[in-house]
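# Observations on chain architecture
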Amino acid sequence: MTIRVSGICKRFGSFVALDRVDLEIRTGELLALLGPSGSGKTTLLRILGGLERPDQGSLTFFGEAALGLTPRDRQVGFVFQHYSLFRHMTVFNNVAFGLDVLARKDRPSRAAITEKVTELLRMVQLEPLADRYPSQLSGGQRQRVALARALAIEPRVLLLDEPFGALDAKVRKELRRWLRRLHDEMHITSVFVTHDQEEALELADRVVVMNRGRIEQVGIPSQVYNDPASPFVYDFLGNVNRFDCVIEAGVARIAGLEMAFPAVGMTAGPAVAFFRPHDIELTRLEAFAKEEAVSAEGASRAQVRHIYAIGPSARIELDCAGHSVEVVMDQDRLRGLGVNGGDWCGVKLGRGRLFRAGVVAATSIDQR
Amino acid sequence: MSGDNIYAGVSGAVAARRLGWGWFANAQGVARRVWARTTARDQGGMIIRYSVLPGFGLTLGLTLSWLGLIVLLPLAGLVIHAADLGWSGFWDVVTTPRVMAAFRVSVTTALAAALVNLVFGLLVAWVLVRYRFAGQKLVDALVDLPFALPTAVAGIALSALYSAHGWIGSVLTPLGINVAFTPLGIVVALTFIGLPFVVRTVEPVLQELPPEEEEAAISLGASRLQTFLRVILPALTPALLTGFALAFARGLGEYGSVIFIAGNMPEVSEIVPLLIIIKLEQFDYHGATAIGALMLLLSFVLLFVINLLQAWMRARHAH
């Protein structure tokens, strides 16, 4: 175990940034702190880095109490969201900074520093730009300098705050893969903060989903995606169709729709059902074309509002008795169905999950 | 647009010729020719930029005329007047021991005061930007007081305070430190006058300085001193330099607050502006203009050096 966070609380005035957070970070893993803005993810990262002090709770690094340690003694490398390079220093001096400020007895020789910085710049593919100033670099290059600068002090833990937040989509994707490769080579325990679920799921070994200062779920990407522990995680991770339901006598009914599914063992009351767009099926039924039936053969009547057909899969937006429903399917299958914008068709809810509102209770739905 | 400019230029030149300032009309002619060349380039299709607020010609013409009238005309008059003395006459005036001593006093005291302001101005700016405290607005207003206060009032207040019977003077005099009526008094007065220059130039730059850079330095293991010296100070240097230059230039020319506290002993605590007044009172107009011309030269050299330094720093930091 590298880092153990227990019972950490942090308030800013009346705003609760972190509310009794417990987390264990394993040696060598790449962990993502995922959540919307204001969920406390950056505050948690800053507490790990020693830039912020929690009001309560404890923190251990490699078994050692860390709250009393300065950032220097914690040996963490911190990469800031807006890079925060030293503007008046060249790329080389930026990277060398952490070594230059070491006490004389610990400081490597000038030649050793030069060699180390050159090696780091080669690693981040910026060796030819060593004499440039940060203002002369692109966003992606600045981010790589920031990373090299943080790695120069040979940190035990690397902390990255929204590392790709300020970059355009293409550079972000490249840099993401590059960081993953780098991590696979160096195996340095790393924690990064992001609000982009795709980034977290693609890059991280484990994902911590945060909301309102609390951890909602911790797990490997496929786990949090396929088995979300709470309505929030479902909502936050990827596109999802959300239906308000009412549970009565072990059956959940979607309000305003002629659709129901079993809710065994759940108490009566309001609930929410979630279905991923690819878990909803589209059918072409004659009955619906004639605008007679509201539901037939387990499907509900819906009208196609729009079809976004770019790439191998198509995204179809439907109007189902006032509910907006999103469906994703293969282009080929859509063509086979012959459904176009404005057509009436049937919607069949497949696999999903039902959460009883206000209570920690959930059940899986499978009607395939 | 071109018509506007030519008219503005011509009218300025005509006015200048009527006043007998041929060189001024000539300068306008040069400016017009330079401008005409840029226009030709525009028409050649190399640089065509749409301007939201048109009127480059008119505004440039007005600017040049205005600067000529307000700045160049009096200065040129000064130089020309001093030139009447001839080179040897000029040299005789400015190399007298009294004049040399006055220059030494003026430059050293202004330099010392500007250095003091550099340190304490930075401190004040730092406190005003980085902390929130009760009475902050009041402190902020106090900084501007030396700007607003008539300098003579400041001078009288300071000399009352620092004279042997004043509040501070009565404490310092027994210790053997005489402030009033010595060059030290001049430094005190100039420090008072120059403070807002440093504070007000450093403040906005400090506000723009992202705190993350300091956090980055701390997380890389820098101590507080290292963070200040290596990260904060270099970012502030251009602003500090400007503030220092402004305070120094102001100190060189300051008259009102200094004469009350300086004692004005020739060759000891007599400043150049006072010497000019003395020459004028003795109807030695040529002597006064000669000293004035030397001061003008000194100011130009200073401005030039400061600009050079700033250009060098800008190139180095490549902002």
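Residues numbered from 1 in each chain as written. Chains lettered and ligands numbered in written order. Predicted model: local features only at pLDDT ≥ 70, side-chain atom pairs only at ≥ 80, totals over all residues. Heavy atoms only, no water.

## Considering the overall build of chain B
Short version of the rule: Helix numbering and strand numbering both begin at the N terminus, where a helix is a DSSP run of H or I of at least 4 residues and a strand a DSSP run of E of at least 2. With residues, only the protein chains shown are counted as cover, and all accessible areas are computed by Shrake-Rupley using a 1.4 Å probe.
A tally of helices and strands in chain B yields 14 helices and zero strands. Sequence-ordered secondary structure for chain B, helices as α and strands as β, is α-α-α-α-α-α-α-α-α-α-α-α-α-α. Here chain B has roughly 17700 Å² of accessible surface; of this, 71% comes from carbon and sulfur atoms.

## Remarks on a nonpolar patch on the surface
Residue and element names in this part refer to chain B. Keep this limit in mind: Residues forming no salt bridge and having over 30% relative accessible area are the ones grouped into patches, like charges within 9 Å of each other and nonpolar side chains (Val, Leu, Ile, Met, Phe, Trp, Tyr) within 5 Å. By convention in these notes, a salt bridge is any Lys or Arg side-chain nitrogen within 4 Å of a carboxyl oxygen on Asp or Glu. Burial classes follow relative accessibility: with a 1.4 Å probe on protein chains only, a residue under 20% of its type's maximum area counts as buried, one over 50% as exposed, and anything between as partly exposed.
A cluster of nonpolar side chains, contributed by Leu297, Val301, Phe304, Val305, Leu308, Leu309 and Trp312, occupies part of the molecular surface with about 690 Å² of accessible area. Within the secondary structure layout, Val305 lies in helix H14 (residues 285-317). With a relative accessible area of 40%, Val305 lands in the partly exposed category.

## Some details on helix H4 (residues 110-123) of chain A
Residues and elements named next belong to chain A. To be explicit about the condition: What a helix is expected to span follows from its residue count: subtract one and scale by 1.5 Å. Any two residues whose heavy atoms approach within 4.5 Å at even a single point are treated as in contact.
A rise of 1.5 Å per residue sets the reference length of H4, with its 14 residues, at 20 Å; its end C-alpha atoms lie 20 Å apart and thus fit the reference within 8%. Taken together, the buried residues of H4 touch helix H3 (91-100) and helix H5 (139-151). Of the residues trailing H4, Gln125 is marked for its positive phi of about 60 degrees.

## Regarding the packing of aromatic side chains
Residues and elements named next belong to chain A. For the record, the criterion: In this scheme Phe, Tyr and Trp rings, the latter by its six-membered ring, pair at centre separations within 6.5 Å, and the angle between planes marks the pair as stacked below 30 degrees, edge-to-face above 60, and tilted otherwise. Working rule: Lys NZ or Arg CZ, within 6 Å of ring centre, within 35 degrees of ring normal, means a charge sits over the ring.
Tallied over the full model, the rule gives 14 aromatic pairs over all chains. Here Phe261 and Phe275 contribute two aromatic rings whose centre-to-centre distance is 5.8 Å and whose plane-to-plane angle is 70 degrees, an arrangement assigned as edge-to-face. One end of the pair, Phe261, is in strand E13 (residues 260-262); the other, Phe275, is in strand E14 (residues 269-275), with 14 residues separating them in the sequence. The pair formed by Phe261 and Phe275 is uniform in burial state, with each residue classed as buried. Between Phe274 and Phe355, the ring centres sit 5.8 Å apart and the planes meet at 75 degrees, which makes this aromatic pair edge-to-face. Of this pair, Phe274 sits in strand E14 while Phe355 sits in strand E21 (residues 351-356); the two residues are 81 residues apart in sequence, bridging distant segments of the chain. Accessibility assignment for this pair places Phe274 and Phe355 in one class, buried. Of note, Arg276 hangs over the ring of Tyr225, and the distance from its end group to the ring centre comes to 4.1 Å. Here Arg315 stacks its cationic end above the ring of Tyr308, 4.5 Å away from the centre of that ring.

## Things to note about helix H3 (residues 56-83) of chain B
This is how the line gets drawn: Note that the bend at a residue is defined as the angle between axes fitted to the seven residues ending at it and the seven residues starting at it.
For H3 of chain B, the principal kink sits at Leu72 of chain B and spans about 45 degrees; a proline, Pro74 of chain B, occurs within the next four residues. Buried residues of H3 of chain B: Gly57, Gly61, Ser65, Gly68, Leu73, Ala76 and Ala82 of chain B, and no others.

## Details of the pattern of salt bridges
All names here are of chain A. Applying the stated criterion across every chain, the model contains 35 salt bridges over all chains. The residue Arg206 makes a salt bridge to Glu29 at a minimum N-O spacing of 2.8 Å. A residue pair is termed long-range when its members are at least 10 positions apart, and Arg206 in strand E9 (residues 206-211) and Glu29 in the loop between strand E2 (15-25) and strand E3 (30-34) qualify at 177 residues. Residue Arg206 shares its accessibility class with Glu29, and that shared class is buried. A salt bridge links Glu162 to Lys41, with the shortest nitrogen-to-oxygen separation between them at 3.9 Å. Residue Glu162 is found in the loop between strand E7 (157-161) and helix H6 (169-186), and its partner Lys41 is found in helix H1 (residues 41-49); the two are separated by 121 residues along the sequence.

## Looking at the interface of chain B and chain A
This is how it is decided: The term buried area refers to how much accessible surface (probe radius 1.4 Å) is lost by two components on association, counted for both of them together. Residues adjacent in sequence count toward polar contacts only when both atoms are side-chain atoms; beyond that, a polar contact is any pair of N or O atoms within 3.5 Å, and within protein one must be able to donate a hydrogen and the other to accept it. Classification used: nonpolar for Ala, Val, Leu, Ile, Met, Phe, Trp, Tyr, Cys and Pro, charged for Asp, Glu, Lys and Arg, polar for all others including Gly.
Contact with chain B, which involves 23 residues of that partner, is made by 23 residues of chain A. Here chain B meets chain A over a buried area of about 2000 Å², counting both sides, of which 60% is carbon and sulfur. Of all residues in chain B, the largest losses of buried area upon contact with chain A belong to Ser219, Leu220 and Arg230 of chain B, amounting jointly to 31% of the total for that side. Counting the contacts that link chain B with chain A gives two salt bridges. With a shortest N-O distance of 3.1 Å, Glu213 of chain B and Arg87 of chain A are connected by a salt bridge. Taken together, chain B and chain A are joined by five residue pairs in polar contact (both at pLDDT 80 or more). Put simply, the parts of the chain that give the side of chain B that touches chain A at least two residues each are helix H10 (211-219), helix H11 (224-253) and H14 of chain B. Element by element, the count of residues in the side of chain B that touches chain A is highest for H10 of chain B, at seven residues. Across the side of chain B that touches chain A, the residue classes tally to eleven nonpolar, six polar and six charged.

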